[in-house]
Amino acid sequence: MMLLKIAWRNIWRSKTRSAVVIFAVASGLVGGLFASAWMNGMAKQRVANTFSLETAHIQLHHPEFADNFDVKHTITLTDKKLQEILKVEGVQAVTSRLKIQAMAATANKNMGVTIVGVNPETEIEVFGLYKKIDSANGDFFTSKKKNAIVISKALAKELKVKLKSKIILTFQDYNGEITGAAFKVIGMFKTDNSPWDKMHVFVRDNDLRKVVEIPDGQSHEIDILLNDYEQAGVISADLQNRYPELLSEDWSMIQPYLSFITEYMDIYMGVFMIIILAALGFGIVNTMLMVILERTKELGMLMGIGMNKKRIFFMIMLETIFLALVGALVGEIISMFLIEYYGKVGINISSLAEGMESVGYSAISYPMLEPYRYLQITILVILTGILASIYPAFKALKLNPADAIRTL
Amino acid sequence: MSVIKIKNITKTFTETEVPVHAVNGIDLTFEKGEFAAIVGPSGSGKTTLLNMIGGLEKPTSGSVEVHGKDISELSSSKLIDFRLHNIGFVFQAYNLIPVLTAKENVEFIMQLQNWDKTKMKERTITILESVGLGNRVNSKPNQLSGGQQQRVAVARALASKPQFILADEPTANLDSKSTTQLLDIMEKLNKEEKITFIFSTHDQRVVDKARRVIKIDDGKVVSDVVKKVESGSF
Amino acid sequence: MKTIFKIAWRNIWRNKRRTLITIASIMFALFFAIIMRGFQVGSYDKMKENAIESYSGYIQIHKNGYWDDKNINNIFSFDKEKITKLESDPRVKNIIPRLESFALASSGDATKGVAVMGISPEKEDEMTKVKTFLKQGEYLNIDDRSILVAEELAKFLKININDTLVLFSSGYHGATAAGLFHVKGILKLPIPEMNRRTVYLSISEAQNFFSTDNQFTALAFEMDNLDDVKSVEQELNLSIDQDKYEVMGWEVMNKELLQMIESDNAGGVIMIAILYMVIAFGIFGTVLMMTNERIREFSMMISIGMQKRKLILVVIFELFFLTILGVISGIIISLPLMIYFFYHPIRFTGDVVEAMKDFNFEPIMPMSLDYQIFIYQAIIIIIISLFSMYYPILKILKLNIVKGLKS
């Protein structure tokens, strides 16, 4: 206890020097934590966006559907299955879709697209695409108009169409014939993922079903939204057992890069934090060495009056840890405020928007950091303190009490 | 003619709670070739007086004239040059630049004065030999004893042929053998090079060697005695 | 001056341990910064090169408005003499005509929207090296009626060489475009997105299919040197009717790529800035200690007649030596690793490959040996130490000699 007190008071003896170390640790942590939170927020947002716009949490398909999107590879008795799935514990909402490869054409342009046939009532419970249409750009099938289509602004620009323009979709129907149908644009959306935007158009399930001649009750895809996305693996396995004739995939199987993004961020930020702490370690070692050199006489005196080497070693280690911890605390508090503030306000880097959106990131990001990260970083700082104290503490032990006193 | 003329100088420190009158009205004159000791108990104002003579501190009132010029009127950068060319300093301890050898320490001031290289080398060797360190020219300060370090400091102070040398308790950290050695050398150089030595001390052996003893107490001159020249050198 | 140098040099070795630790910390920071920048710059260069050489070329000429509205009606024609004349410019290596549009490709039950590239087989190969991507079958001849299909697309359509592929589209001014093509080869294209949806026809066949006569959508310029682009672009703009045609440099055509690089680069710069900030504190701490423990020495030197500015010079040299030693050792330890990675770029394996393919990246991480990386990093470190010099300078300028001597 006495040692704690001595160690604590010692770090305040040379205020400027301690302040330099404390600010170094604090600024390193603020930089590191804020950057982590920023990237973390961006990744989380991207994952959430992908769930909400592209994959949901679990999808069911005909096992061969993914091979070439064959119109005939359908799920049968869709309605019954939807009702059954809705009763599964942990499932929040469920919907079915048709998915057909097609060419979208206007008077002067052709583009390859995927037509998604949706049931608007359940679709909006699972997917959030309807939120990506602002009021000036129509709606997501709220009106009852026949043969309506919702496309992205990016595609609209490519095809040179506006609201109420017509688009001809050409595709292969259920019988293998190439057919086409005209759809009228009723809504235009924009997500943060511009390549995805250009490749997807949305029409009503029953409109599409008619022209493609898909029998009632058959669908290409069932999309499931869960209460907790981390349950996806378990529930997906359960559904696979229940419907052996189908292929059930959770989000990590549909988009492997999603789990990769989070993992990659974790590793990247972890390595970065360690590099920062290592750099800080150098500064701490240097400072503590100076402290030892300056206090040669005092340490000699302490050894002279009977403080054993173990205690000296421990005292110096404690001083180092305290120094690092004070810095860590300051840094963590500042980071917390910064992250809290920008987590609400958001960081807007719209000057880079096109580049970000071409790889699926939003230009406005909301930094966030899980609370356990602070604990993690505190432990890392203590570890750095211990490591950085070893060398100076050994130096202190090598002092000979008599010599140390003689340097008076 | 007098080298240094001190006219009614005072020095008051006001940073402390009660103002301290470290030097409280002193008039002194030093002639060329003097070998003078300023003695007094600690706190009597010896160091402050020496500092003011050397231009390290400015007097609160009064003036210090060197060759008729009031040095308290000089700018701080002029003052440094003035010291460089006119005064040699020897302090109690830590006199030498730790990273330079004995020879380089002595050459240092001459280099600052832009001496000719060959002349400088000659002078360095002569002066180091005359302080009895001809065999230690390439030693670094931490390889020398305290007495040897002080002798290098004296050699350095002398090398550039200053008007006078100020030494603030030069023997304070030395044993008696080193003290005698250092004093003998100082005395010898004073005679050979005709350089004024003014030193503060409370060491009786140093006082005994001095030809003029100025006693100070409470910032005032208590007595100023010029001894009879025993062995007539001049 | 020599003495000042000498004093400074010896001073940094007075406390060897501290100097070595400070040098080590600079070395360490520089090492990470250089390696990180090396990978970043290397990847960016690779991305740019890929984007240019695999598709856009250094400059393209289109009918005015084509780039924003890529449609089969936005086509143009240059006569042979004009092209030959442009090609005679020594900075221009090759001019490649293309006719590109979209079509619906089907075979059996499978149908997919594809990009149709009408190319001049030999010229195209010179820049984009299409021939090297040939996995099966043979490459196109100029008057072939055959088609080359990208690998993933072929898989999707379940076709192989010698099968027949049906293309549907609308041609010039709404003409119906439909045709059967003999699959002559399968291409494994390096950019995944292209590998999923590209077919190649010879340009004459494509012109035939889309009923465009002897017109094209783009003339792509292959060049030797990226630095020549600007000047050639400017000259083209002067010599060409700008109402009819548009001249585009690779930077405009790859705007999204450049912005993505910029945003990624900004992230990297922030990381390095944080690292350097930490190192700056370390340097400053050392400077602080070096200054404070020598106040007495400084006072002594001034009182024996050394001008303050000379003393400041000593301190500046000390810091300079320290920094330079750190910088040099940082560069020395990072060089072998950089050279190694330059010749053996990291190839990703596992999940990463899929993720990178999703972003249209080749799954390798090349290293750049651009000397500018070293220079920039070294300059930054030197600037940092310049900043930390203010402390000893201020300390010396404000030094109270009498107090200093007593300390």
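As the structure is a prediction and not an experimental result, all values here were calculated from the model.

**Some points on the environment of Q242 of chain C**
Residue and element names in this part refer to chain C. With respect to the helices and strands, the residue Q242 is situated in the loop between α8 (229-239) and β10 (245-249). Given 11 C-beta atoms within 10 Å, Q242 falls into the exposed group. For Q242 and I83, which are 159 residues apart along the polypeptide, the C-alpha to C-alpha distance reads 17 Å.

**Remarks on helix α5 (residues 146-159) of chain B**
All names here are of chain B. Given a rise of 1.5 Å per residue, 14 residues ought to cover 20 Å, and the 20 Å separating the end C-alpha atoms of α5 matches this to within 8%. Buried within α5 we find Q148, Q149, Q150, R151, V152, A153, V154, A155, R156, A157, L158 and A159. Buried residues along α5 sit in contact with β6 (87-90), α3 (102-112), α4 (117-130), β7 (164-168) and α6 (176-193). The first or second residue beyond α5 is K161, which carries a positive phi of 50 degrees.

**Focus: the environment of F91 of chain B**
Within the secondary structure layout, F91 of chain B lies in the loop between β6 and α3. Taking the number of C-beta atoms within 10 Å as the measure of exposure, F91 of chain B has 23 and is therefore buried. For the pair F91 of chain B and D70 of chain B, spaced 21 residues apart in the sequence, the C-alpha separation amounts to 24 Å. Apart from residues no more than four positions distant in its own chain, F91 of chain B is found in contact with D168 of chain B together with M300 and L405 of chain C.

**Examining unusual backbone geometry**
One non-glycine residue, E169 of chain B, lies in the positive phi region at around 45 degrees. Here the phi dihedral of N162 of chain C falls at roughly 75 degrees; this positive angle occurs in a residue that is not glycine. When you line up the elements, N162 of chain C lands in the loop between α5 (151-157) and β6 (164-170).

**A short note on the interface of chain B and chain C**
Opposite the 19 residues of chain B that make contact, chain C presents 18 residues. Every element with two or more residues in the side of chain B that touches chain C is listed here: α2 (76-86) and α3 of chain B. Residues of the side of chain B that touches chain C, tallied by class, amount to 13 nonpolar, four polar and two charged.

**Here's the deal with the interface of chain A and chain C**
Chain A puts 51 residues into the contact, and the matching count from chain C is 55 residues. The biggest single contributor to the side of chain A that touches chain C is helix α11 (residues 256-294) of chain A, with 16 residues. Across the side of chain A that touches chain C, the residue classes break down as 28 nonpolar, 18 polar and five charged.

**Description of the confidence of the model for chain C**
Taken over all residues, the pLDDT of chain C has a mean of 86, while the share at 70 or more is 97%. Reported for the predicted complex are a pTM of 0.73 and an ipTM of 0.78.

**Focus on the sheet that holds strand β1 (residues 2-13) of chain B**
All names here are of chain B. Pairing is antiparallel across the open sheet formed by four strands, whose spatial order is β2-β1-β4-β5. Looking at the sheet topology across the chains shown, the edges are occupied by β2 (20-31) and β5 (69-70). Pairing geometry for strand β4 (residues 61-66) and β5, over two bridges, is antiparallel. For V66, the partnering residue across the bridge sits in β5 and is K69.

**Digging into the sheet that holds strand β3 (residues 35-39) of chain B**
Residue and element names in this part refer to chain B. Pairing is mixed in the open sheet, where six strands are placed in the order β6-β7-β8-β3-β9-β10. The open sheet is flanked by β6 and β10 (220-226), the only strands paired with a single partner. Across the sheet, the axes of successive neighbouring strands diverge by a mean angle of 15 degrees, strand direction being ignored. With four bridges joining them, β3 and strand β9 (residues 212-217) adopt parallel strand pairing. Bridged to I38 within β9 is I214.

**Examining the packing of α4 of chain B against α5 of chain B**
All names here are of chain B. The N-to-C vectors of α4 and α5 enclose an angle of 140 degrees; their axes lie 9 Å apart at closest approach. The angle between α4 and α5 places the two elements in the oblique class. α4 and α5 meet at a crossing whose hand is right-handed. Touching R123, T124, I127 and L128 of α4 are A155, L158 and A159, all from α5. Tallied by class, the residues present in the contact of α4 with α5 amount to five nonpolar, one polar and one charged.

Rules and cut-offs
Residues numbered from 1 in each chain as written. Chains lettered and ligands numbered in written order. Predicted model: local features only at pLDDT ≥ 70, side-chain atom pairs only at ≥ 80, totals over all residues. Helix = DSSP H or I, 4+ residues; strand = E, 2+ residues; numbered from the N terminus. Buried ≥ 20, exposed ≤ 12 C-beta atoms within 10 Å, placed from the backbone. Expected span 1.5 Å × (residues − 1). Contact = placed C-beta atoms within 7 Å. Nonpolar A, V, L, I, M, F, W, Y, C, P; charged D, E, K, R; others polar. pLDDT = per-residue confidence, 0-100. Pairing = 2+ DSSP bridges. Axes fitted to C-alpha atoms, helices over the stretch in contact; angles between N-to-C directions. Parallel < 35°, antiparallel > 145°, perpendicular 65-115°, else oblique. Left-handed = near helix turned anticlockwise from the far one by under 90°.

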